[in-house]
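Residue strings, one per chain:
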Amino acid sequence: MLNYFNYFTEIEERFQQRRGSLLMLSTLDWALIETWREAGLPLEVVLRGIDDAFDKHDAQKLRAKGRSRKINGLAWAAQSVMQAAEAAAEAATGSRPPSETSERESGFESERVRAYLEQNAAAIDATGLERATAQRLRELAATAAELHLEDLDRTLTVLEEKMFANLMASAPEAELVALREQADRELAPYRGRMQAVQIKQIQQQFLQKRLLEARKLPRLSLFYMPHN
């Protein structure tokens, strides 16, 4: 998944293209994309699922002579994406993950990784929060050239999880209740199209994303490293 730095924007663009009009994705939609990424769904599988969902919708629209419900959220395609993932898994023939060399040639050179880690450390320091996390990022930056990318990203994921746990523990009860109410409200139209486990994952991602945004804290995974 390290090569899919354009994962989010590609999905957003495909959804907008198939919908036929510009619609900015909501925080809930971005949380859904994050669950797909964390589940390891390849970009092409997600795009295929979106296409399948719109193909079915377009066919129904023709039969209904143009009278059909407008698509207002990416969660509407969640079921088709999961079906596409299941089909891809069945058809898989043991493809291998990219090598360390190909990862580094795709924008993950040690100097760029070092700069990314230091940038995130500085961003965290600016908030006055998570000082220990910022210090650990600087330690990792100092040895970036020696670290295997997959091992490094696992470490960054652990740091993110600890940061999320601290945010949850320190956030006011009213804030958490309000965010959960918002997530439930936005998810309501799509509950019939999604599995309970998926709904729970999206709710968690939504909560984490909003807590980070409110405190101006960065995501830490190499997946979020700029590539331009």
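Residues numbered from 1 in each chain as written. Predicted model: local features only at pLDDT ≥ 70, side-chain atom pairs only at ≥ 80, totals over all residues. Heavy atoms only, no water.

1. Digging into the overall build of the protein
Consideration 1: Scanning the protein for helices and strands turns up 10 helices and 0 strands.
Consideration 2: When the elements of the protein are put in sequence order from the N terminus, they spell out α-α-α-α-α-α-α-α-α-α.
Consideration 3: Sequence separation of 24 or more characterises 78% of the internal contacts of the protein that already satisfy a separation of 6 or more. (Helix = DSSP H or I, 4+ residues; strand = E, 2+ residues; numbered from the N terminus. Contact = heavy atoms within 4.5 Å.)

2. What to know about the confidence of the model for the protein
Consideration 1: The share of residues in the protein with pLDDT of 70 or more is 86%, and the mean pLDDT across the chain is 83.
Consideration 2: The element-level mean pLDDT for the protein is lowest in helix 5 (residues 100–104), coming to 45, with helix 7 (residues 131–142) highest at 96.
Consideration 3: Low pLDDT (under 50) marks residues 99–106, which in the prediction has 18 contacts with non-local residues, meaning those over four places away or in another chain. (pLDDT = per-residue confidence, 0-100.)

3. Describing the pattern of salt bridges
Consideration 1: In this structure the tally under the stated criterion is 17 salt bridges.
Consideration 2: A salt bridge links Glu 175 to Arg 215; the nearest nitrogen and oxygen atoms lie 2.8 Å apart. Of the two residues, Glu 175 is situated in helix 9 (residues 173–187) and Arg 215 in helix 10 (residues 196–215); the sequence distance between them amounts to 40 residues.
Consideration 3: A network of salt bridges, in which partner residues are shared, links Arg 14, Arg 18, Asp 51, Asp 55 and Asp 58. (Salt bridge = Lys/Arg side-chain N within 4 Å of Asp/Glu carboxyl O.)

4. Section: the packing of helix 9 against helix 10
Consideration 1: Where helix 9 meets helix 10, the axes come as close as 10 Å, and the angle between the chain directions of the two elements is 130°. The angle between helix 9 and helix 10 places the two elements in the oblique class. Between helix 9 and helix 10 the crossing geometry is right-handed. Across the interface between the two elements, Glu 175, Leu 176, Leu 179, Arg 180, Gln 182, Ala 183, Asp 184, Glu 186 and Leu 187 from helix 9 touch Ile 199, Ile 202, Gln 203, Phe 206, Leu 207, Arg 210, Leu 211, Ala 214 and Arg 215 from helix 10.
Consideration 2: Class assignment for the residues of the contact of helix 9 with helix 10 results in 10 nonpolar, 2 polar and 6 charged. (Axes fitted to C-alpha atoms, helices over the stretch in contact; angles between N-to-C directions. Parallel < 35°, antiparallel > 145°, perpendicular 65-115°, else oblique. Left-handed = near helix turned anticlockwise from the far one by under 90°. Nonpolar A, V, L, I, M, F, W, Y, C, P; charged D, E, K, R; others polar.)

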